[in-house]
Amino acid sequence: MIRFFACGLAAFLSVVASAGFARADIHALDFGKTKNGEDVKIYEITNENGMKVRVMTRGATLVGLEAPDRNRRISDVVFGFDNVQGYESKDNGYFGATVGRYANRIAKGKFTLDGKEYQLATNDGPNHLHGGDGRSFDKVVWKARRFENPGECGVKFTYTSPDGEEGYPGTLEASVTYTLTDKNALRLEYSAKTDKPTIINLTNHAYFNLAGAGSPTINDHTLRIFADKYTPVDATLIPTGEIAPVEGTPLDFRKTTAIGQRVDQLTATSAKGYDHNFVLNPKKRGEELTKAAELVDPASGRKLTVYTDQPGIQFYGGNFLNGVKGKNGQTYAYRSACCLETQVFPDSPNHQGQEGWPNCVLRPGESYKHTCVYAFSVKEKETKRAADKKSAKEKKS
Ligand code: GAL
């Protein structure tokens, strides 16, 4: 009888939560210690629709994101681990981390700034990847401060990277703020200041599977990327410098396309699948953020729309995943999630001043700013009539 009552109450509370009566809330939990004995905390943020986000101080990392499907069923749609040791393991894939000081690759770890050459760690074959080896931003413990505003709440993480850390010049005061809104959007705002000229490119490395993390594939997810061009790469995934049209290639996502439809055409290339930087179409006048991408899981209806003020987005399709064990007993198989990393272009430090290439230099007195919004919604099931109408229209155009 008691059990029956408890189940009934749980079901009632879950209906109340999914009906939009939950209270927005944020609280901190201990998550254990790093191998150096530093305390790590997780902040659990819930909005009034019952959507939940978990972020941790190590790597200012997104650890969990529970979003509703079209039937209001909640699933965690990002990869992660149950403990700090998982995140410290060699197979951590940068799951959910804030990546920096320079996300993506720098050729041979070298760049020249104001006539001085700098050498960074080469931790990805001959190249520098995601800020280096030792104290890259995904590995350090950030300070955290929670906040609540009307209609949203979140956590601001701060980290001061000393001059010369991982070979980068300048003391860098960096922050990333995660804000969960009552409209089911997760907003990430990065900012940084330096005391010497330096380079910067911060991003987030969340792996999304909108059917629920641990589901076997993303081949059936559909994707649209608002980019006419991309930056082709060489055998070590370093951009050749060219900015090429996506037209006529498997990278043409200007129309919504299933990820699995053409991915095998890229398996034998250096990228081994989707692992490319797309040059986002310019912002429309008056727009603060541009729509960069739309990812949909047609079965559950979960839809993720990415907005940003950055010029590029790396679409990485999980080609290096190999069955690593994640949180809640999940297994993360080959190509079972994708990252949509808003950023400046890879290897930009070696293309400064080149036409079409963005600035990545930060000087004393300037502020680095970057916003990325991961907005969640649902796509209702298409009726047969609507689908037929759409395909007839597509055939015509
Ligand atoms: C991505 C990158 C991939 C791979 C991955 C980490 O951002 O584009 O090539 O390095 O990170 O496994």
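Placed above this text is the structure.
These lines cover the structure that appears in this document, whether it is placed above or below.

Cut-off values and rules
Residues numbered from 1 in each chain as written. Predicted model: local features only at pLDDT ≥ 70, side-chain atom pairs only at ≥ 80, totals over all residues. Heavy atoms only, no water. Near = heavy atom within 4 Å. Polar contact = N/O pair within 3.5 Å; in protein donor to acceptor, adjacent residues only side chain to side chain. Areas by Shrake-Rupley, 256 points an atom, 1.4 Å probe, with all protein chains shown as cover. Nonpolar A, V, L, I, M, F, W, Y, C, P; charged D, E, K, R; others polar. Helix = DSSP H or I, 4+ residues; strand = E, 2+ residues; numbered from the N terminus. Buried < 20%, exposed > 50% of the residue type's maximum accessible area, 1.4 Å probe, protein only. Phe/Tyr/Trp six-rings, centres within 6.5 Å; stacked < 30°, edge-to-face > 60°.

## Concerning the site of the ligand
Residues in close proximity to the ligand include Tyr94, Arg105, Leu129, His130, His205, Tyr207, Leu237, Asp275, Gln314, Tyr316, Phe320 and Glu341, which together make up its full environment. Residue His130 places a side-chain N or O atom 3.0 Å away from an oxygen atom belonging to the ligand. At a separation of 2.5 Å, an oxygen atom of the ligand approaches a polar side-chain atom of Asp275. Against a free-state accessible area of 310 Å², the protein chains account for coverage of 92% of the ligand. For the shell around the ligand, the per-class residue count stands at 6 nonpolar, 3 polar and 3 charged.

## Side note on unusual backbone geometry
In this model, Gly100 is joined to Arg101 through a cis peptide bond whose omega is 5°. Its place among the elements puts Arg101 in the loop between β6 (98-99) and β7 (105-106). Backbone geometry places His130, a non-glycine residue, at a positive phi of 50°. Along the chain, His130 falls in the loop between β10 (128-129) and β11 (143-149). For Leu237, which is not glycine, the phi dihedral falls at a positive 70°. Residue placement: Leu237 occurs in the loop between β18 (227-230) and β19 (244-245). Owing to a relative accessible area of 9%, Leu237 belongs among the buried residues under this scheme.

## Some words on the packing of aromatic side chains
Applying the stated criterion to the full structure yields 20 aromatic pairs. Here the aromatic rings of Phe81 and Phe95 are separated by 5.1 Å at their centres, their planes lie at 15°, and the arrangement is stacked. With Phe81 in the loop between β5 (74-76) and α2 (84-88) and Phe95 in the loop between α2 and β6, the pair connects residues that are 14 residues apart, well separated along the chain. The two residues Phe81 and Phe95 agree in class, both being buried. Relative to Tyr159, the ring of Trp142 has its centre 5.8 Å away and its plane inclined at 45°; by these criteria the two rings are tilted. Of this pair, Trp142 sits in the loop between β10 and β11 while Tyr159 sits in strand β12 (residues 152-161), placing them 17 residues apart in sequence. On the basis of relative accessibility, which here comes to 3%, the residue Trp142 falls in the buried class. For Tyr159, a relative accessible area of 8% corresponds to the buried category. Each residue in the set Phe79, Phe81, Tyr87, Phe95, Tyr207, Tyr316, Phe320 and Tyr332 is aromatic and connected to the rest through ring pairs, giving one cluster.

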